[in-house]
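# Results of the structural survey
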Amino acid sequence: MFQPRLRCGFISLFTLMAICAAATPHPMTDVVFLAPRTSIDITANWNGPNTLRTYCYPGKPPSLLSLFETVEFLLDIGNDDYTEYRGRTPKEVLDHYNEQRSLFSFTLFSQKRQRIHLSPFKPECIGVSSRQPYNVRLRHAQFDVLRFLQFGLGVLVFCSSRTLAKNSIFYYLAGIVLGICGSLLLIISLTSKLFPRRPMMYGVLIGGWTIGVYILKQLADNMCLILLTYRDYVVWYLIITSLISFLVCYRIGPPKNRRSQNIIMWLLQAVGGGLAYFSSWNSSGVIFLIVSAFAAYYFPQSLVVYGKSLYRRRFPPKRRLLTQEEYYQQTVNETQKSLAELREFVNSPNCNQWNIMSNLRNPIRFASFANGEPHLFDEEIEDYSRTIEESMEAAVQNEAEDYLQCSMHYRPLSNNGFNVSQDHRRRPPMPPPFTGLPTRHATCEHSAGL
């Protein structure tokens, strides 16, 4: 008895909904193609949601020079009495508009953003329906510094992944950040234990994830307002979750296993690759850079060493000789270093002092040297200095005599081999000035060359 009435009620309801949908007037549409750095002012529209204005950006071909180029759609409106629709074409935007205005539509996450990033290389349209006056602008940046920094951060994380995977400080910081961001998942996990039945637990998890995503979206949209209004609660939340996360990480400890470190390294490389990939709208160009960085990171070091050695053999570097001051300073430094190493060795357990002292003529002097005394006496230093000075003076005198002796053998001759007179004698080139210690061979060679 009740089934025919119930069936008739459903039929009447669907018929009424169809009539209402058919009676809905068609929207007033308007399509505007935006160029970079354009601004459009829209006055008040009394038709309200029944008017749809679509703003389209045509896009342009991608190139490597426009790797970090960005285009941003800005909507300046006084309140939230508006609705946005996105699509590739104006027809797609109109289809979204009609679907949302139907009686069966239900949207949990309403699209209301006043700043929308558009791809500079793909056509995209945005529809706006509102009663209020608003302003539409298209901001264009040929080189976005923030996206370039994001790309650099991704490359830095990728290249430093092996070092960060073994760093204890990074382990604790990453654990604290994950603990702060993952506290919602812990609440969902604890809530799921209250439901013993497995199907109900799955439903709670699915519903918890949906609600969690919705809460995270609301937090992201109203982050500044939350920080200003609930500042004390936010601070206590950060302190408590950070402390608990640190204690958990301290209890577990940094990973020591090589495979665990490899897993962390691969995760960091994936994070770095994701940061680099999402830093640019030019997908093909950024993928090429990521693949190049990956190939350079895992390139065999043996081939690099072989290439460097081959290049040095083909193009050897120009050697710079030491000056007299540098040579003297290097001699002093190396002597002090060698003496310190020798003194450290004779005082170490690896040295057999008794065996060494039995083979020395003066074991007492060896013991004094091991205890920090100089390796030379003052008398020895004075004798050495006196000997060096005498040898230098003798060398200067011998070199000067050789120079004069070599110069006496030179006589200018004519073309026939005979001596010429003083007036017609060809003036020989002047010998090099005598500076310091002229060598015997250099002086004789110079005289012979004349």
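Residues numbered from 1 in each chain as written. Predicted model: local features only at pLDDT ≥ 70, side-chain atom pairs only at ≥ 80, totals over all residues. Heavy atoms only, no water.

Filter applied, for reference: UniProt positions are given in the numbering used here, feature names are shortened, and annotations may be inferred rather than shown by experiment.
The name given to the protein in an unreviewed UniProt entry is Nuclear envelope integral membrane protein 1-like, with the source organism recorded as Drosophila pseudoobscura pseudoobscura. Note on the protein: under the UniProt heading Subcellular location (unreviewed entry), the record states "Nucleus inner membrane". The protein has a UniProt comment under Sequence similarities (unreviewed entry) that states "Belongs to the NEMP family."

### Quick look at the state of the cysteines
Worth spelling out the cut-off: Sulfur atoms of two cysteines make up a disulfide when they are within 2.5 Å. Only DSSP runs of H or I reaching four residues or more are called helices, and only runs of E reaching two or more are called strands; each is numbered from the N terminus.
If you walk through the whole model with that rule in mind, you get one disulfide. Bridging Cys56 to Cys125, the disulfide has an S-S length of 2.1 Å. Taking the sign of the S-S torsion, 110 degrees for the link of Cys56 and Cys125, the bridge is right-handed. With Cys56 in strand β3 (residues 51–57) and Cys125 in strand β7 (residues 124–130), this residue pair connects regions lying 69 residues apart in the sequence.

### Concerning the packing of aromatic side chains
Counted only if it meets this: Two rings from Phe, Tyr or Trp (for Trp, the six-membered ring) form a pair when their centres sit within 6.5 Å of each other. Planes less than 30 degrees apart are called stacked, planes more than 60 degrees apart edge-to-face, and all others tilted. Burial classes: relative accessible area under 20% of the type maximum marks a residue as buried, over 50% as exposed, and values in between as partly exposed (1.4 Å probe, protein chains only).
Per the stated rule, a full pass over the model turns up 16 aromatic pairs. Considering the side-chain rings of Tyr85 and Tyr97, the 5.3 Å spacing of their centres and the 85 degrees angle between planes classify their relative orientation as edge-to-face. In this pair, Tyr85 sits in strand β5 (residues 82–87) while Tyr97 sits in helix α2 (residues 90–101), placing the two residues twelve residues apart along the sequence. Judged by its relative accessible area of 1%, Tyr97 is buried. Considering the side-chain rings of Tyr172 and Phe246, the 5.4 Å spacing of their centres and the 45 degrees angle between planes classify their relative orientation as tilted.

### Looking at unusual backbone geometry
The backbone of Arg37 sits at a positive phi, close to 65 degrees, despite the residue not being glycine. Relative to the assigned elements, Arg37 resides in the loop between β1 (28–33) and β2 (39–42).

### Quick look at the pairing of β3
Counted only if it meets this: Paired strands are those between which DSSP finds at least two bridges.
Of all seven residues in β3, six are buried; the element is thus mostly enclosed. In the sheet, β3 pairs with β7 via five bridges, with the strands oriented antiparallel. Within β7, the position partnered with Tyr57 by the bridge is Glu124.

### Some remarks on the confidence of the model for the protein
For clarity, the threshold we go by: One confidence number per residue, pLDDT, is output by the predictor and ranges from 0 to 100. In this analysis, two residues are considered to be in contact whenever any of their non-hydrogen atoms come within 4.5 Å of each other.
Summarising the model, the protein shows a mean pLDDT of 75, and 69% of its residues fall at 70 or more. Ranking the helices and strands of the protein by mean pLDDT puts helix α3 (residues 145–159) first, with 92, and helix α17 (residues 440–449) last, with 37. Per-residue pLDDT stays below 50 along residues 20–24; that stretch engages in two contacts with residues further than four places along the chain or on separate chains.

### As for the nonpolar core
Using the following cut-off: In this text, buried Ala, Val, Leu, Ile, Met, Phe, Trp, Tyr and Cys residues form a nonpolar core when linked through side-chain atoms within 4.5 Å.
With 16 residues, the main nonpolar core has Tyr55, Phe73, Leu75, Leu118, Tyr134 and Val136 as its most contacted residues. Elements represented by at least two residues in this core include exactly β3, β4 (70–77), β6 (115–118), β7 and β8 (134–141). Looking at which element gives the most residues to this core, the answer is β4, with four residues. When neighbours within four sequence positions are excluded, Tyr55 is seen to be in contact with Val32, Leu34, Ile40, Ile42, Phe73, Glu124, Cys125, Ile126, Val128, Tyr134 and Val136. Counting six residues, the second largest nonpolar core, distinct from the first, contains Leu52, Cys56, Tyr85 and Tyr97.

### Observations regarding the side chain of Ser161
For Ser161, the location among the structural elements is in helix α4 (residues 161–164). Judged by relative accessible area, which is 0%, Ser161 ranks as buried. Residues in contact with Ser161, not counting those within four places in the same chain, are Met265, Leu268, Gln269 and Tyr297.

### Considerations on a nonpolar patch on the surface
What counts is decided by this rule: In this analysis, a patch consists of residues with relative accessible area above 30% that form no salt bridge, clustered at 9 Å for like charges and at 5 Å for the nonpolar side chains Val, Leu, Ile, Met, Phe, Trp and Tyr. Per-residue accessibility takes into account occlusion by the displayed protein chains alone, with areas from the Shrake-Rupley method and a 1.4 Å probe. In what follows, salt bridge is the name for a side-chain nitrogen of Lys or Arg lying within 4 Å of a carboxyl oxygen of Asp or Glu.
A cluster of nonpolar side chains, Val235, Trp236, Ile239, Ile240, Ile244, Val248 and Ile252, forms an exposed patch at the surface whose accessible area comes to about 710 Å². With respect to the element layout, Val235 can be found in helix α9 (residues 231–252).

### Let's talk about the UniProt feature "transmembrane region" (unreviewed entry) in the protein
Under the present numbering, the feature "transmembrane region" (unreviewed entry) in UniProt falls on residues 169–188, 200–219, 234–252, 264–281 and 287–311. Structurally, residues 234–252 is divided into 100% helix and 0% strand, and its ends, taken at the C-alpha atoms, are 27 Å apart. Between the first and last C-alpha atoms of residues 264–281 the distance is 28 Å; the span itself is 78% helix and 0% strand.

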